[in-house]
Amino acid sequence: MISFIAGGGAAEIGASFYVLRLGDTFIGVDCGFRPTAANHDPWNVEKIMPNFDVCPKLDYLFLTHGHLDHVGAAPCLLERFKNLRIFTTEPTKFIALAQWHETLKIAERDKTPPPFSGDSVHSIASKIRVLEVNSEKNFGEFSVTAIPAGHILGAVSLLFNYKGKRIFFSGDISFQDQELIKGAKHDFQVDYLISEATYAGKSRRDRREERDRFLGDVRQIINNRGRVLIPSFSIGRAQEIFEMLRKSDIAGLAPIYIDGAARSMTDIHQVFLPHKINRHVNKHYVENVAHRLKIFEQKPCVVIASSGMLSGGASVGYARNWLGQEENAILFPGYIDPFSPGYAVLTTDHGDSVALTEKNRTIRAYIKRCRTDQYHLSAHADQSELLMMREMLNPQFTILVHGEPEDMEKMIAENALGSIFTPKNGEEIVLE
Ligand SMILES: [Zn+2]
Ligand SMILES: [Zn+2]
């Protein structure tokens, strides 16, 4: 028997937790938080977690990459299934560990109960085994090959082989080369495809054009002696944007700073990509609160700060300080959840007020006078690339996950796709 069920991340983006049943073996792929409530609404621990009850037991967990919506809840999963064997790539191991420590730090700072204990992080750290990419690892009943997925440092797709049947989890995947990470390439076929669908129903603008538009806008704000805040995911996006700016003329026009959790994640990138990220990158880090307060007043300047959706972290402080001045800009480099404060900031009209969370977690309204914009620099396949991947891999059935339900339905209808499922969380699909 081969079956698939999602405990989270099926008809949604977030809380990815997929269970593949191969006979009597239960295999988990990813185990993340739901990002809207993450960062980390302590009153909603239930809401941010995937549902672990979808499997009676779990033998293995494979992590595709280190984003919070894919690894955040893994320590809780280990608390539930003590004999779990856990595998991922070496960079993802480092990124995930940093994410879990950051989660504990935020909980401590906010004096709220953390979703898992420090002991759980310690025990998951000792259990993770490293997967080499592009090499088939045999587990007896089945084998798995981790295949680079583009997207972010360490990200892989997973190709399972069970009794001659090939089951492919794309994970978050990107086919275009980025500043630091090369795009994914496939030259094989599979029986079943579990595909991400973040950009189903959408065609992304050309990446190079978007990069030029982004750099042009940053340059314009700098030339007018304004400040630019780039709220960014701490992993991947922050380092790609930094590299993009560093290689451009903007580096000579204004200081570029990195703040928030993006700093320690940049350290990890520096370890794994030493030829791409200079070891002097830490000169760009905002050192402490006093340094940050100084930068609030500095102009022109560019700050790349996490979180990417202004739901917490260093970026919120810059947004609070810079939102009200015409010469400044808040430029979002990727996807923003429609329920996030970032989305509210982006969509509020000039002169209207928008709510942001204060340090003490009260909400205060700010008048928006700065410029805002969004750029499609996300590291995800767009619809045409998703269709290309499906054509190339030529599966018997496709399961779409990690997408908005309406977008996935639109993609299926517009392209008259057959043999394709869009399950809900908790809905089991028996493949064989
Ligand atoms: Zn991701
Ligand atoms: Zn994701």
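Each remark here, short or long, concerns the structure printed above.
Residues numbered from 1 in each chain as written. Chains lettered and ligands numbered in written order. Predicted model: local features only at pLDDT ≥ 70, side-chain atom pairs only at ≥ 80, totals over all residues.

Draft legend 1. Spatial organisation of the pairing of strand β8 (residues 142–148). Where burial is concerned, most of β8 is hidden: five out of the seven residues are buried. Where strand β7 (residues 136–138) meets β8, three bridges bridge the pair, whose relative direction is antiparallel. Residue pairing in the sheet places glutamate 136 in a bridge with threonine 145 of β8. Between β7 and β8, which pair antiparallel in sequence order, lie three residues; one of them, glycine 140, sits at a positive phi of approximately 90 degrees. For β8 and strand β9 (residues 156–162), the ladder comprises seven bridges, and the chain directions are antiparallel. The residue bridging serine 143 from the neighbouring strand is asparagine 161, located in β9. (Buried ≥ 20, exposed ≤ 12 C-beta atoms within 10 Å, placed from the backbone. Helix = DSSP H or I, 4+ residues; strand = E, 2+ residues; numbered from the N terminus. Pairing = 2+ DSSP bridges.)

Draft legend 2. Seen up close, the sheet that holds strand β2 (residues 17–22). Pairing in this open sheet of seven strands is mixed, and the strands run β6-β5-β4-β3-β2-β1-β21 from one edge to the other. Edge positions in the open sheet fall to β6 (128–130) and β21 (429–430), since each of these has one partner strand only. Bridge count for strand β1 (residues 2–8) against β2 is six bridges, and the pairing is antiparallel. Following the sheet pairing, serine 3 is matched in β2 by arginine 21.

Draft legend 3. Just the nonpolar core, in detail. Judged by nonpolar contacts, the single largest core of 127 residues is most densely connected at Tyr18, Leu61, Ala74, Val302 and Val303. Viewed by domain, this core spans two of them, domain 1 (2–202 + 379–430) and domain 2 (207–374), each represented by three or more residues. Not counting the four nearest positions on each side in its chain, leucine 61 is found in contact with Gly28, Cys31, Ala74, Leu77, Leu84 and Ile86. (Core = buried A, V, L, I, M, F, W, Y, C linked by C-beta atoms within 7 Å. Domains from an automatic or database assignment. Contact = placed C-beta atoms within 7 Å.)

Draft legend 4. Structural view of the sheet that holds strand β12 (residues 227–231). Strand order in this open sheet of five strands is β13-β14-β12-β15-β18, and the pairing throughout is parallel. Each edge of the open sheet carries a strand with a single partner, namely β13 (256–259) and β18 (371–374). Between one strand axis and the next, the sheet turns by 20 degrees as a mean value, whatever way the strands run. Its contacts with the sheet place helix α6 (residues 207–223) against β12, β14 (301–305), β15 (329–332) and β18, and it is angled at close to 170 degrees to β15. Each of β12, β13, β14 and β15 touches helix α10 (residues 314–322); the most contacted strand, β12, lies at about 145 degrees to it. (Axes fitted to C-alpha atoms, helices over the stretch in contact; angles between N-to-C directions.)

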